Amino acid sequence: MTDSIVETPQGAPGRNYDIDALRAMDAAHHLHPFTDTKKLSEEGGSRIITRAEGCWLWDGDGARILDGMAGLWCVNVGYGRAELAEAARRQMLELPYYNTFFKTASPPGIELATKISDLLGPRFEHVFFSNSGSEANDTALRLVRHFWNLQGKPKKKHIISRWNAYHGSTVAGASLGGMKPMHKQADLPIPGVSHIMQPYWFEQAHPGEDPTDFGKRAAQALEERILELGPETVAAFIGEPVQGAGGVIIPPEGYWAEIQAICKRHDILLIADEVICGFGRTGSWFGHQTLGIEPDLIPMAKGLSSGYLPISALAVGGRVAETLIDEGGEFYHGYTYSGHPAACAVALANIDIIERERLVERVRDDVGPYLAERLQGLADHPIVGEVRSLGLLGAVEICADKESRARFPGDGRAGTLCRDHIFKRNVIARACGDAMVMSPPLIVSHDEIDILIEGLRAALDATARDLLT
Ligand code: PXG
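Cut-off values and rules
- Here the residue numbering is sequential within each chain, running from 1 through the sequence in written order.
- Owing to the predicted nature of the model, reporting of local features is limited to residues with pLDDT of at least 70; listing and counting of side-chain atom pairs is limited to 80 or more, with chain, interface and lining totals taken over all residues.
- Each side-chain value is worked out from all heavy atoms of the structure, with water and hydrogens disregarded.
- Definitions used for this entry: grid spacing 1 Å over protein atoms alone; cavity, a set of points where a 1.4 Å probe fits but cannot get out; pocket, an open set with protein on both sides within 12 Å along at least 5 of 7 lines; lining residue, one with an atom within 4 Å of a point.
- Grid points are joined across faces, edges and corners, and a volume is the space filled by probe spheres set on the points.
- Per the convention used, a helix needs a DSSP run of H or I reaching at least four residues, while a strand needs a run of E reaching at least two, with both numbered from the N terminus.
- Ten residues, namely Ala, Val, Leu, Ile, Met, Phe, Trp, Tyr, Cys and Pro, are considered nonpolar, four, namely Asp, Glu, Lys and Arg, are considered charged, and the remaining ones, Gly among them, are considered polar.
- To be near a molecule or strand, a residue needs just one of its heavy atoms within 4 Å of it.
- Pairs of N or O atoms within 3.5 Å make up the polar contacts considered here, provided that, within protein, one atom can donate a hydrogen while the other can accept it, and that residues adjacent in sequence are counted only when both atoms are side-chain atoms.
- Only the protein chains shown count as cover for residues, with accessible areas throughout obtained via the Shrake-Rupley method and a probe of 1.4 Å.
- We define a salt bridge as a contact between a side-chain nitrogen of Lys or Arg and a carboxyl oxygen of Asp or Glu at a distance within 4 Å.
- Throughout, exposure labels follow a simple rule: accessible area from a 1.4 Å probe, protein chains only, divided by the maximum for the residue type, with under 20% read as buried, over 50% as exposed, and the rest as partly exposed.
- Aromatic rings from Phe, Tyr and Trp, with only the six-membered ring used for Trp, were paired whenever their centres fell within 6.5 Å, and each pair was classed as stacked if the ring planes differed by under 30 degrees, edge-to-face if by over 60, and tilted otherwise.
- Remark: a charge is flagged as sitting over a ring if the NZ atom of Lys or the CZ atom of Arg is within 6 Å of the ring centre and within 35 degrees of the ring normal.
- Should any heavy atoms of two residues lie within 4.5 Å, those residues are considered in contact.

*Asks:* Explain the layout of surface pockets here, please?
*Replies:* Where empty space is left in the structure can be found by rolling a water-sized probe over the atoms. For the second largest pocket, the calculated volume is near 850 Å³. Considering the residues around the second largest pocket, the lining is formed by 31 residues, among which Thr100, Val127, Phe128, Phe331 and His333 are closest to the centre. Among the elements that make up the lining of the second largest pocket, the one with the highest residue count is helix α5 (residues 107-120) (five residues). Of the residues contributing to the lining of the second largest pocket, the split by class is 16 nonpolar, 12 polar and three charged.

Dropping the structure here:
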């Protein structure tokens, strides 16, 4: 299927694939995640991405596409980093694999655990590795329940999450997540997991309710649920500092302080899912730092390796780590690839780039504020109800009436239309319901942000034409 390296029409080198044949093979054999396979075929099959550099992708038909999503919120250092490939190559030649189960470890895993602990500070001295965000959250669930058993409180098992949260696609991940269609297909959530309202002011505030009051009400929902269930049965609360896949939901000021206080009051562990927020996305190394949260457990993935190889980690804080280590005996949990040497080597090299190029500071002081400023320019668009951003997470709410925040009919149709329009302009942003969201690589330039915003404006214009005429 592959020939020699050639120049694509835009000048980017790539292999000379037979794209039509690949598309046919894809349709014949490949089941895509979160995809209606029949519909994908009917609509012409997949767009085949063959190459990438910086913030740009190339598809097999030669189109150059601005990736305003950093893949799936993960390619923080951008595409085409030779030193990450080199780190993998070097490690694969030296030691491609060895396990960490039976009193063995490899240098990259040890170094990465140490590095993550250093980044998180003294409260987090221990790290457990897995391969995906879902697995990190499975690990969190397992560990939380083990912890409370060890504390002599075996009834403390219930985990509270939020509707519309995304915490992964394994059975535990999808259960912790609050996506109703996922639950429905697989008889989830598993017992002992339930969901409360999310701090989504634009969608859920009462008429006239200001964001602070709304944030208090949304946090109070946690205390109400805890009291309903009985605090003696509740093990943990899990939440992303800023919900990503839910629609870049930035909680109102005060929300997290209230959640934190409620967790403390009822002796409930706090899990901050940093799978999207971690590694610079919000303008700090971790989202909990930006939002002022003090979690007990921190699942992380995506930006940990910028997606170059699959890897995730669960950072385990203070008393949970102490109890596990001092009293836990064997923790019956782990994956073949926990602490995979090549993935750890790539993650280390990735963190090195983030540090050396000061990408976290770049998000905080430069491109984050610039994205916010440019998004503001869309606020008076006729079908835009709100723009919001934190660091390099941005959202634009599409609605029919700015005042009442009423949506267009069709439950997500406006978002889908807008997503398709921006895609046609070779710019990638994502629709979450009727919110258009973006999360470009942390290396994005001002010019590229301009292209993203202008693409969005053109897509909003086209969507408005579709919906209003
Ligand atoms: N937690 C959070 C906060 C996530 O965003 C996961 C856990 C699960 O990670 P893995 O590596 O198991 O996928 C995620 C993943 C989307 C989209 O369309 C978002 C994710 C994954 C796939 C698609 O926005 N987030």
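*Asks:* What is the right way to look at the site of the ligand in this model?
*Replies:* Near the ligand lie 16 residues; those nearest to it are Trp73, Gly133, Ser134, Asp273 and Arg430. The backbone of Gly133 places a nitrogen or oxygen atom 2.9 Å from an oxygen atom of the ligand. One of the backbone N or O atoms of Tyr166 is found 3.5 Å from a nitrogen atom in the ligand. Expressed as a share of its isolated accessible area of 540 Å², the protein-covered part of the ligand is 84%. Sorting the residues of the shell around the ligand by element identifies α3 (70-73) and α6 (133-150) as the ones contributing at least two each. Among the elements that take part in the shell around the ligand, α6 stands out by supplying three residues, more than any other. For the shell around the ligand, the per-class residue count stands at six nonpolar, six polar and four charged.

*Asks:* I keep staring at the pattern of salt bridges and nothing clicks. Help me out?
*Replies:* Side chains that differ in charge, positive against negative, can pair when their charged atoms come close. As enumerated under the stated definition, the model contains 24 salt bridges in all. Put simply, Glu203 and Arg407 hold a salt bridge, and the shortest N to O gap is 2.5 Å. Of this pair, Glu203 sits in helix α9 (residues 201-204) while Arg407 is found in the loop between β14 (393-398) and α16 (413-424), placing the two residues 204 residues apart along the sequence. Classification of Glu203 by relative accessible area gives partly exposed; the value is 44%. The class of Arg407 is partly exposed, set by a relative accessible area of 25%. What you see here is one network of salt bridges that share partners, running through Glu203, Glu386, Arg388, Glu397 and Arg407.

*Asks:* Even after reading the chapter, I still don't get the packing of aromatic side chains, so can you show me in this structure?
*Replies:* The description of an aromatic ring pair uses the distance of the two centres, along with the angle that the planes make with each other. Counted according to the given criterion, the structure contains 10 aromatic pairs. Ring geometry for Tyr255 and Trp256: centres 5.6 Å apart, planes at 80°, overall edge-to-face. Grouping residues by exposure puts Tyr255 and Trp256 together as buried. Among the aromatic residues, those joined into a cluster by ring pairs are Tyr97, Tyr98 and Tyr337. Taking NZ or CZ as reference, Arg51 lies 5.2 Å from the ring centre of Trp58, over its face. Its end group placed over the ring of Trp163, Lys180 keeps NZ or CZ at 4.6 Å from the ring centre.

*Asks:* Just checking my understanding: could you explain the environment of Ala400 for this structure?
*Replies:* Tracing the chain through its elements places Ala400 in the loop between β14 and α16. Sequence separation between Ala400 and Ala414 is 14 residues; the distance between their C-alpha atoms is 9.5 Å. Beyond its immediate chain neighbours, meaning those up to four positions away, Ala400 contacts Ala406, Arg407 and Phe408.

These values are about where atoms sit, not about what they do.
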